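Single-letter residue listing:
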Amino acid sequence: MFRKALMTLGIVMLVAGPTVAAESVEKSPPPAPYKKVSELVKLPDFLPGMGTLYVDPTTLPDGPFLAYDRAGKLVSTIYMIPLKDVDGHKTIDDLKAPGGNVDHVSLYYNAGHPGVEVPHYHIVLWHVTKAQEKLVEK
Amino acid sequence: MLTRRAALGVGGGFLANVGSSNLVRASAAELIEIHMKSDPGGGVVGFDPVGVLLQPGQTVRWICDDNVHTATAYSPENDNHSLRIPTNAQPWASDFLLPKQTFEVTFTVEGIYDYFCAPHEEAGMVGRLIVGSAVGPGALPFDYYLTRGHQWKPVPPAAQRSFPTIEAILAQKTVRSTLNFSKMPVK
């Protein structure tokens, strides 16, 4: 009976684990060590097309960056991968993905911005549907 | 040389002379506007016009249209970049400019002034001004300093390719950007 209960608890924990982790960042502000990007470098609080970004500074430039809509809901997790790392065939491994379920993925080229001042790709894990991307459109 | 930063429609800001000990105020008619542009996704960035011929005493106003940019002189005083402005001119460096913010410099020393956008230099966002005559370090090859014992940062390859030629600026006076700042293609 005890073993069965323990196994059931284990299964519940396995299922619940990622969900609990996702819940901890699904509303802004996410917990430390995440910091608002606009307080780290000169960028507007809200970036059209991306939202309000948070990042653990020790993970720069790759991220993950957590992006929230104006209501504070997590909409995407973004990685910023310098082209020179891709051209240099660098292995980029074990990037954290705390945001939970991913609906679809987008890749955008970016010429650079404060914080990541080299050409790079934004790899965007959208946690909302394609139609809901408009939440961070402007 | 004078510099000033402000927000459009707000006024104010600061003004400083960084090329001569004498302040030179340029009239509105002499003002040159250079736009700092970007496509909506931040993939295509550039100054427009990218090259301008002006006369001593004229003021250049950089206007941030989109994205976040700087106007920063090529000078060892700016993060050890190589010197590509006249040796007796003071370098300038705007802070990051957000949309609708502006930055002004009044030029009093003749010569070539190469400048860059700090977050976009690697992507080739640079510009060139010729004040009066095409003289000074900006007229030299990009690697001229190597034989003079300097260990400055080189101009990135994409930036080297983006400068308009001296001949084009002298002939056209204003060299417009050929970049397409509309949305990037989607696969």
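Residues numbered from 1 in each chain as written. Chains lettered and ligands numbered in written order. Predicted model: local features only at pLDDT ≥ 70, side-chain atom pairs only at ≥ 80, totals over all residues.

1. With respect to the nonpolar core
Note on soluble globular proteins: their nonpolar side chains tend to be buried together.
Move 1: Counting residues in each nonpolar core, the largest one holds 66 residues, and the members touching the most others are L53, F65, L66, A67 and I78 of chain A together with F116 of chain B.
Move 2: Residue contributions to this core peak at five residues, all from strand β4 (residues 74-82) of chain A.
Move 3: Here L53 of chain A is in contact with V37, L47, F65, L66 and A67 of chain A, once residues within four sequence places are set aside. (Core = buried A, V, L, I, M, F, W, Y, C linked by C-beta atoms within 7 Å. Buried ≥ 20, exposed ≤ 12 C-beta atoms within 10 Å, placed from the backbone. Helix = DSSP H or I, 4+ residues; strand = E, 2+ residues; numbered from the N terminus. Contact = placed C-beta atoms within 7 Å.)

2. Remarks on the sheet that holds β4 of chain A
Residue and element names in this part refer to chain A.
Move 1: The strand order β1-β2-β3-β4-β6-β5 describes an open sheet built from six strands, whose pairing is antiparallel. Edge positions in the open sheet fall to β1 (35-36) and β5 (104-110), since each of these has one partner strand only.
Move 2: Bridging between β1 and strand β2 (residues 52-55) involves two bridges; their strand directions are antiparallel. The partner of K35 across the bridge, within β2, is V55. (Pairing = 2+ DSSP bridges.)

3. So, the confidence of the model for chain B
Move 1: Of all residues in chain B, 86% attain a pLDDT of 70 or more, and the chain-wide mean is 88.
Move 2: Across the interfaces of the predicted complex, the ipTM metric reaches 0.70, alongside a pTM of 0.80. (pLDDT = per-residue confidence, 0-100.)

4. Re the interface of chain B and chain A
The parts lose accessible area when they come together, and the size of an interface is often stated as this lost area.
Move 1: If you look at the interface, chain B gives 15 residues, while chain A gives 14 residues.
Move 2: Partitioned by chemical class, the residues of the side of chain B that touches chain A number ten nonpolar, four polar and one charged. (Nonpolar A, V, L, I, M, F, W, Y, C, P; charged D, E, K, R; others polar.)

5. Remarks on unusual backbone geometry
Move 1: A cis amide bond links L60 of chain A to the next residue, P61 of chain A, at an omega of 0°.
Move 2: Looking at where P61 of chain A falls in the secondary structure, it is placed in the loop between β2 and β3 (65-68).
Move 3: Between D48 of chain B and the following residue, P49 of chain B, the backbone shows a cis peptide bond with an omega angle of 0°.
Move 4: Mapped onto the elements, P49 of chain B comes out in the loop between β4 (45-48) and β5 (51-54).
Move 5: In this model, D79 of chain B sits at a positive phi of 60°, which is unusual for a non-glycine residue.

6. Notes on the sheet that holds strand β7 (residues 72-73) of chain B
Across a sheet, paired strands are connected by hydrogen bonds in the backbone, their directions being either parallel or antiparallel.
Residue and element names in this part refer to chain B.
Move 1: One open sheet accounts for five strands, arranged β7-β9-β10-β5-β11; its pairing is mixed. Lying at the two open borders of the sheet, with one neighbouring strand each, are β7 and β11 (174-175).
Move 2: The pairing of β7 with strand β9 (residues 111-116) spans two bridges and is antiparallel. Its bridge partner lying in β9, T72 is registered against F116.

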